[in-house]
Amino acid sequence: MLGILAAFLLPATSADASAPLRTHAAAKGKFIGTALATGPLANETSYKNIAATEFSQVTAENAMKWDATEPSQGQFNYSGADAIVNFATQNNQQVHGHTLVWHSQTPGWVQNLGATAMRAAMQNHISNVVGHFADNPAVVSWDVVNEVFDDSGNLRTSFWYNTLGSGYIADAFRAARAADPDAKLCINDYNTEGINAKSTAIYNLVSSLRQQGVPIDCVGFQSHLAIQYGFPGDFQQNLQRFAALGVQVRITELDVRVQTPRDATKDATQATYYRNVVNACLAVTACQGVTIWGFTDKYSWVPDTFPGQGGALIYNESYQQKPSYTAVHDALAGGTTTDTTPPTTPGTPAASNITANSATLTWAASTDSGGSGLAGYNVYREQGSTDPQLGQSTSNTVNLTGLTANTQYQVYVRARDGAGNLSGNSPLVTFTTLTGGGGGGCTAAGTVQTQWSGGYVIQPVTVTNTGTSAINGWTVTFTLPAGHAVTGSWNAAITVSGQNVTARNAAYNGTLAPGANTSFGFQVSRPNGDTATPSSYTCA
Ligand code: 9MR
């Protein structure tokens, strides 16, 4: 009765705002989940209450892994797994099975098998574990394979791969489908939130498996993030490209660690990461929901694995809600209003560490007030009608690579927010990459042609290609003695910074065949009576 009265008397928004995460998630057609540990689930009332009230989905943090379910060959133990599935059933939650085939937490007896026996053991394990839950409506999906790629996008050389070759992946999916034709079957990995070599390798694998008719339905993005590494600004775009393959996607193990101790600033940054992840999932129809890897900082894998880091979850050690909880809550509860306010324009980039094919740019950071938060920066080359993108970054610095040697670049930066709004263009920075050296390098030597009390002429400075292939552009650097100043030059473009002089080829003498040479010259003024001249020349 009281409840009915309260619902009647309170304004709808207030009742709505105090609703748990799962209520808001359900209204958006998504799940909000947590990993569960069996110890506190059995022993701690606060843990149990929050797990039941706030979440509509659970994943066993460890209880369904191979070392828990089949510690000895053929001896299956479902005590922990059943405890979690029963809890989920009582609380009307769905369960994601984690995980069937992984290189970690797999007993030694599996790892030591030969190929035929290992394949049979894998199929038997999948068939037993998935079969055990196949008729349970709470268990709706499985991580069939976990972390099968390394960070470069090559298949991980685990004992699975080393013994069975890449075919174990398709075999595992087929075995899982046979054991439960209704469960959604997933591949799961970390460091795959943004578009990168590893996520692209998974994308290609999923695409190829589906073309071959291998039953794979879903891709999990673990999302173990850290505020010091920046937010992957292309997360939503990445989810979307997988969705276009026809698979479901899900955030499977979200946490956002900080360097401990926590403070209000770190908490606020962390909260934007949580909000951005939830918003990315909300924006992608194929995203089923978000699972957080635990909910209280009292129980988290982070401090053990990353000493000095922690505070990664949405409740503190005393089960109090953190700003990250509010961020998840508000993102799930948010209306359909979208952020249309772009971030502020970044400052003028400064170029440093310039080589023949790379350069570092740094600029004054942007801010974002539109709600979705600053996601990162895109870096473009000014080239007229279409400006190609040279790189992107999640912080206010980028290392551009793959540049062309001895080439002038005019570059600007635009900030990007979580909703994809782009800021205005920063002012341009202009820099010129160094000469490549043509596969062997070059030398430069200068001769004093004439000198007088107040100056001298260096002619020629001979530039020789000492390499084995042609040079397309050269750069000679040298140092002027104190008080000396260049007053003229020919056959090279000279720039001076303090006492450092850079001479680049003119348009007509940059190409040198192996062994060929060319020359330039310059004139310098110096204090009366000074007899010094530059002592050496460096060619690149
Ligand atoms: O959180 C899990 C921790 O309790 C275990 O000790 C650890 C063992 O490898 O696994 C942790 O969970 C991992 C998950 O199963 C797969 N992705 C990475 C997770 C964090 O390491």
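Residues numbered from 1 in each chain as written. Predicted model: local features only at pLDDT ≥ 70, side-chain atom pairs only at ≥ 80, totals over all residues. Heavy atoms only, no water.

- The chain goes by Beta-xylanase in an unreviewed UniProt entry, where it is assigned to Nonomuraea spiralis.
- Regarding the chain, the UniProt comment filed under Sequence similarities (unreviewed entry) reads as follows: "Belongs to the glycosyl hydrolase 10 (cellulase F) family."
- Word for word, the UniProt comment on the chain under Catalytic activity (unreviewed entry) is "Endohydrolysis of (1->4)-beta-D-xylosidic linkages in xylans." (UniProt positions renumbered as here; feature names shortened; annotations may be inferred.)

**Comments concerning the overall build of the chain**
Then step 1. Along its length, the chain carries 16 helices and 27 strands.
Then step 2. The C-alpha radius of gyration of the chain comes to 31 Å, more than 25% above the 24 Å expected for a compact globule of 540 residues.
Then step 3. Relative to its full complement of 540 residues, the chain shows a buried share of 50%.
Then step 4. Contacts spanning at least 24 positions in sequence make up 73% of the contacts within the chain whose residues lie at least 6 apart.
Then step 5. Mean positive and mean negative side-chain charge positions of the chain (25 and 33 charges, respectively) differ by 5 Å. (Helix = DSSP H or I, 4+ residues; strand = E, 2+ residues; numbered from the N terminus. Rg over C-alpha atoms; globule rule 2.2 N^0.38 Å. Buried < 20%, exposed > 50% of the residue type's maximum accessible area, 1.4 Å probe, protein only. Contact = heavy atoms within 4.5 Å. Lys, Arg positive; Asp, Glu negative; His and termini not counted. Charge placed at Lys NZ, Arg CZ, Asp CG, Glu CD.)

**Considering the environment of Val496**
Then step 1. You can see Val496 is positioned in strand β23 (residues 492–497).
Then step 2. Along the backbone, Val496 and Gln73 are 423 residues apart, and their C-alpha atoms lie at a distance of 74 Å.

**So, the packing of aromatic side chains**
Then step 1. Counting across every chain of the model gives 26 aromatic pairs.
Then step 2. Relative to Tyr319, the ring of Phe295 has its centre 6.5 Å away and its plane inclined at 45°; by these criteria the two rings are tilted. One end of the pair, Phe295, is in the loop between β9 (287–292) and α15 (302–305); the other, Tyr319, is in the loop between β10 (309–310) and α16 (323–333), with 24 residues separating them in the sequence. The residues Phe295 and Tyr319 share a single accessibility class, namely buried.
Then step 3. A ring pair is formed by Tyr380 and Tyr412, whose centres lie 5.4 Å apart and whose planes are at 25°; its orientation type is stacked. (Phe/Tyr/Trp six-rings, centres within 6.5 Å; stacked < 30°, edge-to-face > 60°.)

**Looking at the state of the cysteines**
Two cysteines, two sulfur atoms, one covalent bond between them: this is a disulfide.
Then step 1. In the structure shown here, the tally under the stated rule is three disulfides.
Then step 2. For Cys281, the disulfide goes to Cys287, at an S-S distance of 2.0 Å. One quick way to see it: the torsion about the S-S bond of Cys281 and Cys287 is about -100°, and its sign makes the bridge left-handed. Each of the two residues, Cys281 as well as Cys287, counts as buried.
Then step 3. Here Cys442 connects covalently by a disulfide to Cys539, the sulfurs 1.9 Å from one another. Judged by the sign of its S-S torsion, about -95°, the bond between Cys442 and Cys539 is left-handed. Separated by 97 residues along the polypeptide, Cys442 in strand β18 (residues 442–452) and Cys539 in strand β27 (residues 538–539) bring together distant segments of the chain.
Then step 4. Take Cys442: its relative accessible area is 10%, and that puts it in the buried class.
Then step 5. Since its relative accessible area comes to 13%, Cys539 is described here as buried. (Disulfide = S-S within 2.5 Å.)

**Describing the environment of Ser423**
Then step 1. Counting through the fold element by element, Ser423 comes out in the loop between β16 (408–417) and β17 (429–432).
Then step 2. It is 8.8 Å that separates the C-alpha atoms of Ser423 and Thr341, two residues lying 82 residues apart in sequence.
Then step 3. Separated by 2.8 Å, the side chain of Ser423 and the backbone nitrogen of Ala415 make a polar contact. (Polar contact = N/O pair within 3.5 Å; in protein donor to acceptor, adjacent residues only side chain to side chain.)

**A look at the pattern of salt bridges**
Then step 1. The final tally for this structure, using the stated rule, is eight salt bridges.
Then step 2. The salt bridge partner of Asp171 is Arg119, with a shortest N-O separation of 3.6 Å. Here Arg119 lies in helix α9 (residues 115–133) and Asp171 lies in helix α11 (residues 167–179), a separation of 52 residues in the sequence.
Then step 3. Of the residues examined, Arg119 reaches a relative accessible area of 30% and is grouped as partly exposed. (Salt bridge = Lys/Arg side-chain N within 4 Å of Asp/Glu carboxyl O.)

**Looking at the pairing of β16**
Then step 1. Of all 10 residues in β16, seven are buried, a share of seventy percent or more.
Then step 2. Here strand β13 (residues 374–381) pairs with β16 via seven bridges, running antiparallel. Its bridge partner lying in β16, Asn378 is registered against Arg414.
Then step 3. Bridging between β16 and β17 involves four bridges; their strand directions are antiparallel. Looking across to β17, one finds that Val411 is bridged to Val429. (Pairing = 2+ DSSP bridges.)

**Overview of the nonpolar core**
Nonpolar side chains tend to gather and get buried jointly when the protein is soluble and globular.
Then step 1. By size, the foremost hydrophobic cluster in this structure holds 99 residues, and its most contacted members are Trp142, Trp160, Ile187, Phe295 and Ile314.
Then step 2. Here this core gets eight residues from one element, more than from any other, and that element is α11.
Then step 3. Not counting the four nearest positions on each side in its chain, Trp142 is found in contact with Met64, His96, Gly97, His98, Leu100, Val129, Val130, Phe133, Ala183, Lys184, Leu185 and Cys186.
Then step 4. In terms of nonpolar packing, the next biggest core, distinct from the first, is built from 20 residues, Ile458, Trp474, Ala492 and Cys539 among them. (Core = buried A, V, L, I, M, F, W, Y, C linked by side-chain atoms within 4.5 Å.)

**What to know about the sheet that holds β27**
Then step 1. Strands sit in the order β23-β24-β21-β27 across an open sheet of four strands; the sheet is antiparallel. If you trace the sheet from one side to the other, it starts and ends with β23 and β27, each paired once.
Then step 2. Pairing geometry for strand β21 (residues 475–479) and strand β24 (residues 500–505), over five bridges, is antiparallel. Bridge pairing in β24 places Phe478 opposite Val501.

**Digging into the site of the ligand**
Then step 1. Taken together, the neighbourhood of the ligand is formed by 14 residues, with Glu61, Lys65, His98, Glu147 and Glu253 sitting nearest.
Then step 2. One nitrogen or oxygen atom from the side chain of His98 is found 2.7 Å from an oxygen atom belonging to the ligand.
Then step 3. Across the complex, the protein chains shield 76% of the 450 Å² of accessible surface that the ligand would expose by itself.
Then step 4. Looking at side-chain class alone, the shell around the ligand contains three nonpolar, seven polar and four charged residues. (Near = heavy atom within 4 Å. Areas by Shrake-Rupley, 256 points an atom, 1.4 Å probe, with all protein chains shown as cover. Nonpolar A, V, L, I, M, F, W, Y, C, P; charged D, E, K, R; others polar.)

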